[in-house]
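Coordinate analysis (summary)
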Amino acid sequence: MQQSRRISTLNGDGDDGWGLFIAAREMIAAGTPVTELTIGEHDVRTDPVILDAMHASARSGNTGYAMIPGIDALRDTVAARVQQRSGQKTTRDNVIITPGGQAALFMAHHATCDEGDRALFIDPYYATYPGTIRAVGAVPVPVKARSAHGFQPDPKEIAKAAPGAKSLLINSPNNPTGAVYGAETMNGIARVVQEHDLWLISDEVYDTQVWEGPHISPRTLPGMEERTLQIGSLSKSHAMTGSRCGWIVAPEDVTENLIQLATNTNYGVAGFVQAAGLFALELGEDFEARIAEPFRRRRGLVLDLVAQQQIVRAIPAQGAMYAMLDIRATGMTGEEFGFALLNKHHIAVMPGESFGQAAAGHIRVALTVDDDRLREAVATLLDFASKQVKAA
Ligand code: PMP
């Protein structure tokens, strides 16, 4: 039977960028230990106090259908959090709770793009972006941010791609590059999206992991509130990746339609997960800082190691839980380097090519193992890189 064109072409050219990750998992399944520095999964699990809140909520009977837009208390708390951090007036009516940031990305594009519309996004990008855009029938259009500019996007490049486009998706702090967009970049982006009447979808799931800031939320810039859909999630900030709890903050009329979309698709987020999410947010900023701290420390550790040699160049991450390394001096692609490193040293990193053309010749190291193991893995990686140059 012929499946829909939309689902059969979700991955575009057929490579979804997860090849190395899967190869590493197969190695592990076959009994070979691998140091996995691939995905953005914390090395700590969800804190037991949050699990206790989830358990207590479920045991008290909160196992039926939950409010589809999200429970009032959680929507209020998200609104207050966004308002407190950004200064921008935000109420419950601006907020819908979603099954994680990923569902929010899909829903935001669904709300803004029609079939065949061009949806812009910045390359390098989080691996799901083009597929998410195709999933709503829109056409993904990458705009390159350059390694030489610390992967800050250039508003002029966005402007070139903007005529006729419908939306722009940005992500600061950025995965995979760690770039935190500065005032010049953000103001430039705000100017371009207003000039070309684009929606701005702002993926801010790493907003608690900012090492060199400040984090600028574009919804706060003049004229931006009415055209911005801001995405947040508890996955990264509270080590709750498996709970699937995120949100979209949007103009009220957009939120109303998003609620219709949720009603006709996922039917909201489990009530006991929302109760746990509410409890987690009420733990406050100290808790969030505690979850973020190991990544700040490990970022420093990687930059120190990289500074001791000349082959591999770091693009210093200003935020998020990754280090982006330029390995072009080895003459290898990120993919070649990644697979060779995996096969020889059983260390798994993500090839830059998994995140688009602009990250070719780079690798992304997730800072998601303990410090000693990370130090050893990065030292091995750097030594491996220097041997590739000597061998060439
Ligand atoms: N956006 C970015 C940039 C991400 O890195 C991720 C997860 N790795 C997500 C969104 C989705 O996160 P979640 O669905 O777990 O909230």
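Since the structure is predicted, the reported quantities are computational estimates derived from the model, not experimental observations. (Residues numbered from 1 in each chain as written. Predicted model: local features only at pLDDT ≥ 70, side-chain atom pairs only at ≥ 80, totals over all residues. Heavy atoms only, no water.)

1. Quick notes on the domain arrangement of the protein
Split by domain assignment, the protein resolves into domain 1 (5-45 + 286-391) and domain 2 (64-283). A straight line from the C-alpha centre of domain 1 to that of domain 2 covers 25 Å. In this assembly, 38 residues from domain 1 lie in contact with 40 residues from domain 2. With both chains or domains summed, domain 1 and domain 2 bury close to 3300 Å², and 54% of this area falls on carbon and sulfur atoms. Counting the surface domain 1 buries against domain 2, the share from its top three residues, R6, E288 and Q318, is 22%. (Domains from an automatic or database assignment. Contact = heavy atoms within 4.5 Å. Buried area = accessible area lost by both parts, 1.4 Å probe.)

2. Here we look at the layout of surface pockets
A volume near 560 Å³ is recorded for the largest pocket. Considering the residues around the largest pocket, the lining is formed by 25 residues, among which N11, D13, D15, Y125 and P130 are closest to the centre. Of all elements in the fold, only β3 (118-123), α6 (129-135) and β4 (139-144) reach the threshold of two or more residues within the lining of the largest pocket. Among the elements that take part in the lining of the largest pocket, α6 stands out by supplying 4 residues, more than any other. No fewer than three residues from each of domain 1 (5-45 + 286-391) and domain 2 (64-283) sit in the lining of the largest pocket. (1 Å grid on protein atoms, 1.4 Å probe; cavity = no way out; pocket = protein on both sides within 12 Å on 5 of 7 lines; lining within 4 Å. Points joined across faces, edges and corners; volume = space filled by probe spheres on them. Helix = DSSP H or I, 4+ residues; strand = E, 2+ residues; numbered from the N terminus.)

3. Observations concerning the pattern of salt bridges
In total, this model carries 24 salt bridges according to the counting rule given. With its nearest N and O atoms 3.0 Å apart, the salt bridge here joins R298 to D371. Placement of R298 in helix α12 (residues 285-307) and of D371 in helix α14 (residues 371-391) is noted, with a sequence separation of 73 residues between them. In this structure, R298 and D371 share a single accessibility class: buried. Here K387 ties to D383 by a salt bridge, and the two come within 2.6 Å at their closest N and O atoms. You can see K387 and its partner D383 sitting in helix α14, 4 residues apart, about one turn around the helix. On the basis of relative accessibility, which here comes to 38%, the residue D383 falls in the partly exposed class. (Salt bridge = Lys/Arg side-chain N within 4 Å of Asp/Glu carboxyl O. Buried < 20%, exposed > 50% of the residue type's maximum accessible area, 1.4 Å probe, protein only.)

4. Considering the packing of aromatic side chains
Summed over all chains, the structure comprises 6 aromatic pairs. Ring plane angle 90° and centroid distance 5.9 Å describe the contact between Y126 and Y129, whose orientation is recorded as edge-to-face. According to the relative accessible area criterion, Y126 is partly exposed, its value standing at 26%. (Phe/Tyr/Trp six-rings, centres within 6.5 Å; stacked < 30°, edge-to-face > 60°.)

5. Quick notes on the site of the ligand
Around the ligand, the surrounding shell holds 15 residues, and the nearest of these are G101, D203, S233, S235 and R244. Measuring from a nitrogen atom of the ligand, one finds a side-chain N or O atom of D203 at 2.6 Å. Between an oxygen atom of the ligand and a side-chain N or O atom of S235, the distance comes to 2.6 Å. With the chains in place, 93% of the 400 Å² that the ligand exposes on its own is no longer accessible. Elements with a contribution of two residues or more to the shell around the ligand: α5 (100-112) and α9 (234-237). For the shell around the ligand, the element with the highest residue contribution is α5, accounting for 4 residues. (Near = heavy atom within 4 Å. Polar contact = N/O pair within 3.5 Å; in protein donor to acceptor, adjacent residues only side chain to side chain. Areas by Shrake-Rupley, 256 points an atom, 1.4 Å probe, with all protein chains shown as cover.)

6. Topic: the sheet that holds strand β9 (residues 313-315)
The pairing of strands in a sheet comes from backbone hydrogen bonds and takes either a parallel or an antiparallel form. The sheet built from 5 strands is open, its strands ordered β1-β11-β12-β10-β9 with mixed pairing. One side of each edge strand has no neighbouring strand; the edge strands of this open sheet are β1 (35-37) and β9. Within the sheet, the average angular offset between the axes of one strand and its neighbour, ignoring direction, is 35°. Relative to strand β12 (residues 362-366), strand β10 (residues 322-326) runs antiparallel, the two being bridged by 5 bridges. Within the sheet, the bridge partner assigned to A323 lies in β12 and is V365. Against the sheet, helix α2 (residues 19-29) contacts β1 and β11 (347-351), and its axis sits at roughly 165° relative to β11. (Pairing = 2+ DSSP bridges. Axes fitted to C-alpha atoms, helices over the stretch in contact; angles between N-to-C directions.)

7. A short note on empty space enclosed by the protein
A complete count under the given rule lists 1 cavity of 30 Å³ or more for this structure. The wall of the largest cavity is formed by R299, V302, L303, A314, I315, A317, Y322, A323, M324, L325 and L367. Mapped by element, the contributors of at least two residues to the lining of the largest cavity are α12, β9 and β10. Element by element, the count of residues in the lining of the largest cavity is highest for β10, at 4 residues. Tallied by class, the residues present in the lining of the largest cavity amount to 10 nonpolar, no polar and 1 charged. (Nonpolar A, V, L, I, M, F, W, Y, C, P; charged D, E, K, R; others polar.)

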